[in-house]
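# Commentary on secondary and tertiary structure
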Amino acid sequence: MKRDYRKWYSPRLERDMEILVHGHAGARVIVFPSRLGRFYDFEDHGMVEVLRSQVESGGLQLFCVDSVDEESFYCSWKTGRQRLERHMQYERYILDEVLPLSEELNPASFLIAHGCSLGAFHAMNIALRHPQLFGKVIAFSGRFDLTSTPPDFQNLFDGYYDEEVYFNTPTHFLPNLTDEAVLQYVRKMEIILAIGDEDPFFENNQLLSRILWEKGAWNAMHIWQGRAHRFRYWRQMAKLYF
């Protein structure tokens, strides 16, 4: 399996960023790490190995990106607005730096967003905000409303709310989306959700799935028994839903 490590100074984030690329061809998969995770976690936790046959055969090419969660949503000393601003810089990094690299290495190929836990938020959020770019999103155990307070979880903006928070909360902005040009892209996308029935984000996944159906957007919500919010479950999900 081809494995390519890259590191460069990001002008959007004003610091060095690292990425691992696995594979040589096929659909490009932007892999977001789980909460506070790193670019190497997908490999270290056996997720790349699960997808080895598809990667080696040229069916998938994985672009495992780093996170800045400690500087954005989980930076407790920043205000909610400052956390959001750092996240928006991160989105520009993905759109303006990572996607062009992926296109350079693998031109005109199908684009997928994927993540687990908070990585699922990143994947779903960027795909629904920019549906003209993505053909598929695969979200495992995701939380799609960072303002909510399910058991053991806090509002990641500490109560701060503005238009940008709204437009970075899929279950908030999607119900009011009426632009048919944008909705047509959403409806073309393959959207896969997988979540445990005891996961604290289960109801939020149900809500997102229902909103998507109401907008005429096909989606598959796969319900697992228990909490199912660990890599041992995500490896099994990856075998089934990629």
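Residues numbered from 1 in each chain as written. Predicted model: local features only at pLDDT ≥ 70, side-chain atom pairs only at ≥ 80, totals over all residues. Heavy atoms only, no water.

The computed volume of the largest pocket comes to approximately 260 Å³. Of the residues contributing to the lining of the largest pocket, the split by class is seven nonpolar, three polar and four charged. (1 Å grid on protein atoms, 1.4 Å probe; cavity = no way out; pocket = protein on both sides within 12 Å on 5 of 7 lines; lining within 4 Å. Points joined across faces, edges and corners; volume = space filled by probe spheres on them. Nonpolar A, V, L, I, M, F, W, Y, C, P; charged D, E, K, R; others polar.)

With 13 residues, helix α9 (residues 202-214) extends 19 Å between its outermost C-alpha atoms, agreeing within 8% with the 18 Å of an ideal straight helix rising 1.5 Å per residue. Within α9 the residues assigned to the buried category are F202, N204, N205, L208, S209, I211 and L212. On the buried face of α9, the contacting elements are α5 (118-129), α7 (170-173), α8 (180-188), β7 (190-196) and β8 (219-224). Phi turns positive, to about 80°, at G216, one or two residues after α9. (Helix = DSSP H or I, 4+ residues; strand = E, 2+ residues; numbered from the N terminus. Expected span 1.5 Å × (residues − 1). Buried < 20%, exposed > 50% of the residue type's maximum accessible area, 1.4 Å probe, protein only. Contact = heavy atoms within 4.5 Å.)

We now examine empty space enclosed by the protein. Picture a little ball the size of a water molecule; that probe, rolled over the atoms, points out where space is still empty. Going through the model one piece at a time under the given rule, you end up with two cavities of 30 Å³ or more. When its volume is computed, the largest cavity comes out at roughly 80 Å³. Take the lining of the largest cavity: its biggest share by element is three residues, from strand β5 (residues 111-116). Along the lines of polarity and charge, the residues of the lining of the largest cavity split into nine nonpolar, three polar and two charged. Here the second largest cavity defines a volume of roughly 60 Å³. If you trace the second largest cavity, you find it lined by F32, H87, Y90, E91, I94, F121, H122, N125 and I126. Among the secondary structure elements, those contributing two or more residues to the lining of the second largest cavity are α4 (80-105) and α5. Its residues assigned to classes, the lining of the second largest cavity comprises five nonpolar, three polar and one charged.

This part takes up the packing of α4 against α5. Any two packed helices are characterised by the angle at which their axes cross and by the distance between the axes. At a minimum axis distance of 12 Å, the contact between α4 and α5 shows a crossing angle of 70°. On the basis of the axis angle, α4 is roughly perpendicular to α5. Contacts between α4 and α5 involve H87, M88, Y90, E91, I94 and L95 from the first element and F121, H122, N125, I126 and R129 from the second. Looking at the contact of α4 with α5 residue by residue, the classes come out as six nonpolar, three polar and two charged. (Axes fitted to C-alpha atoms, helices over the stretch in contact; angles between N-to-C directions. Parallel < 35°, antiparallel > 145°, perpendicular 65-115°, else oblique.)

Excluding glycine, a negative phi dihedral is what most residues carry, and trans is how most peptide bonds are arranged. The phi angle at E14 is positive, at roughly 60°, despite the residue not being glycine. Here E14 is to be found in the loop between β1 (3-10) and β2 (15-22). Its relative accessible area of 62% is what places E14 among the exposed residues. Here L36, not a glycine, exhibits a phi torsion of approximately 60°, which is positive. Relative to the helices and strands, L36 is located in the loop between β3 (27-32) and α1 (41-44).

All right, on to the pattern of salt bridges then. Enumeration over the complete set of coordinates arrives at 18 salt bridges. Across the pair E18 and R38 runs a salt bridge whose closest N-O atoms are separated by 3.2 Å. Of the two residues, E18 sits in strand β2 while R38 sits in the loop between β3 and α1, which places them 20 residues apart along the sequence. Residue class for R38 comes out partly exposed when judged on its relative accessible area of 30%. Residue E56 is joined to R52 by a salt bridge in which the shortest nitrogen-to-oxygen separation is 2.6 Å. Of this pair, E56 and R52 are both found in helix α3 (residues 52-56), four residues apart, which corresponds to roughly one turn of the helix. When salt bridges that share partners are traced, they join R12, R92, D96 and E97 into one network. (Salt bridge = Lys/Arg side-chain N within 4 Å of Asp/Glu carboxyl O.)

Our next topic: the pairing of β2. Counting buried residues in β2 gives six out of eight residues, a clear majority hidden from the surface. Examined bridge by bridge, β1 and β2 share eight bridges and lie antiparallel to one another. Across the sheet, residue R6 finds its bridge partner in β2, namely I19. Adjacent in sequence and paired antiparallel, β1 and β2 are bridged by four residues, among which E14 carries a positive phi angle near 60°. In the sheet, β2 pairs with strand β4 (residues 60-65) via four bridges, with the strands oriented antiparallel. Along β4, the bridge assignment pairs H22 with L62. (Pairing = 2+ DSSP bridges.)

These figures capture arrangement, not role.
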